[in-house]
Amino acid sequence: MGGAMLLAGKVAVIFGGSGAIGSAVAHAMAREGAHVYLGARSQEKLDWAASSIRTAGGAVETFVADVLDEYGTSKQVTHLAQQTGGIDVVVNATGFMHEQGKRIEALSLSEFMSGITPFLSAQFNIAKAVTPHMGGNRAGVILTVVAPAAPMAMPGHLGHIVGCAGTEAFIKALASELGPANVRVVGVRSHAIVDAVQAGSYTGEIFTAKAQSMGITVAQWLGGAAQSTMLGRLPTLAQIAEVMTFLASDHAGAITATVVNITGGATHS
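My aim in this report is to walk through the structure given alongside it, one point at a time.

Rules behind the numbers
Residue positions are given per chain, counting from 1 as you read along its sequence in written order. In keeping with the model being predicted, local features are shown solely for residues with a pLDDT of at least 70 and side-chain atom pairs are shown and tallied solely at 80 or more, while totals for entire chains, interfaces and linings include all residues. Heavy atoms throughout the structure, all of them, feed into the side-chain values; hydrogens and water do not. The criterion for strand pairing is that DSSP finds at least two bridges linking the strands in question. Counting from the N terminus, the helices are the DSSP runs of H or I reaching at least four residues and the strands are the DSSP runs of E reaching at least two. Angles run from 0 to 180 degrees between N-to-C directions of axes, and those axes are lines fitted to C-alpha atoms, restricted for helices to the stretch in contact. Residue contacts are counted whenever heavy atoms from the two residues lie within 4.5 Å of one another. Only protein chains enter the accessibility calculation, which uses a 1.4 Å probe; a residue whose area is less than 20% of its type maximum is buried, one above 50% is exposed, and one in between is partly exposed. For the handedness criterion, the strands are oriented away from the viewer, and a crossover whose path from the first strand over the helix to the second runs clockwise is classed as right-handed.

### As for the sheet that holds strand E3 (residues 59-64)
Strand order in the open sheet made by the 7 strands is E3-E2-E1-E4-E5-E6-E7, with parallel pairing throughout. The strands lining the two open edges of the sheet, one partner per strand, are E3 and strand E7 (258-262). Ignoring strand direction, the axes of neighbouring strands in this sheet form an average angle of 20°. Sheet topology places strand E4 (residues 89-92) next to strand E5 (residues 140-146); 4 bridges connect them, and they run parallel. Its bridge partner lying in E5, Asn-92 is registered against Thr-144. This element, helix H1 (residues 20-31), spans strand E1 (11-15), strand E2 (35-40), E4 and E5 of the sheet and lies at about 170° to E1. Taken strand by strand, helix H3 (residues 70-84) contacts E1, E2 and E3, and its axis lies near 160° from that of E1.

### As for the pairing of strand E6 (residues 183-190)
Here E6 lies mainly inside the structure; 8 of its 8 residues are buried. Burial of the side chains of E6 extends over both faces: Val-183, Val-185, Gly-187 and Arg-189 are buried on one face and Arg-184, Val-186, Val-188 and Ser-190 on the other. Each parallel crossover has a hand, and for E5 linked through helix H6 (residues 158-178) to E6 it is right-handed. Sheet topology places E6 next to E7; 5 bridges connect them, and they run parallel. Counted as the bridge partner of Val-186 is Thr-258 from E7.

What follows is the structure in structure tokens.
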């Protein structure tokens with residue numbers, strides 16, 4: 001593949017950078033010339049993700065951050081931005097264990113909020129930390145991965161659906177604030193990712209619980225999810241990484257305040 005690299009010379013900060021999605025996105029962005037900075041809670045997992053990117057010839061560094069800590073995240077990002085002179089691309093690929101499957105009669109308030117509070121807190125803390133170091137002469141973009149539940153109405157997913165809808169609303173509201181500063185805010189709505197479980201994604205635990213409650217294997221559950229899409233297949237980690245890399249590039253410079261649907265047609269609103 002010849003031609004100019006999509007993200008040549010750009011600084012990309014990836015939260016949840018050691019996870020299945022975060023590291024796949026980091027690989028693709030590094031391959032396209034970005035200098036990637038991976039943030040997560042565990043240095044051990046970060047080292048593993050970083051070494052695999054280095055092996056492929058990418059420029060990568062790591063930092064430890066807990067995105068649920070507002071002050072700590074801002075401090076880490078400020079330190080990083082002082083080293084890099086600014087930030088071009090931010091990816092929120094963080095995820096949190098939460099309750100899926102219980103209907104309201106069996107659901108506690110804290111279980112309901114587990115699908116909302118950590119996701120929106122991370123979204124806020126990351127945005128708050130990075131925005132002072134973005135925009136102006138260097139066009140910026142903040143990208144967030146979101147599950148497909150926002151437009152859905154299905155039993156047993158009250159907190160998850162509300163949390164996803166909140167994330168999508170946050171993306172649009174923040175985009176309206178940051179547009180004048182030359183920063184775009186875009187979401188990527190993905191369905192269950194077919195190869196993320198093998199890649200060690202925490203969603204494996206959620207899918208396993210769902211499958212068990214239905215008396216089937218995770219592979220069978222994923223098969224059923226695939227059949228529920230228009231294309232009859234689930235997105236892959238590579239597809240998500242490539243779409244996000246494109247969205248981070250100048251080719252997508254007119255895209256903001258929206259959620260790009262890569263669910264295979266499982267949702268269409």
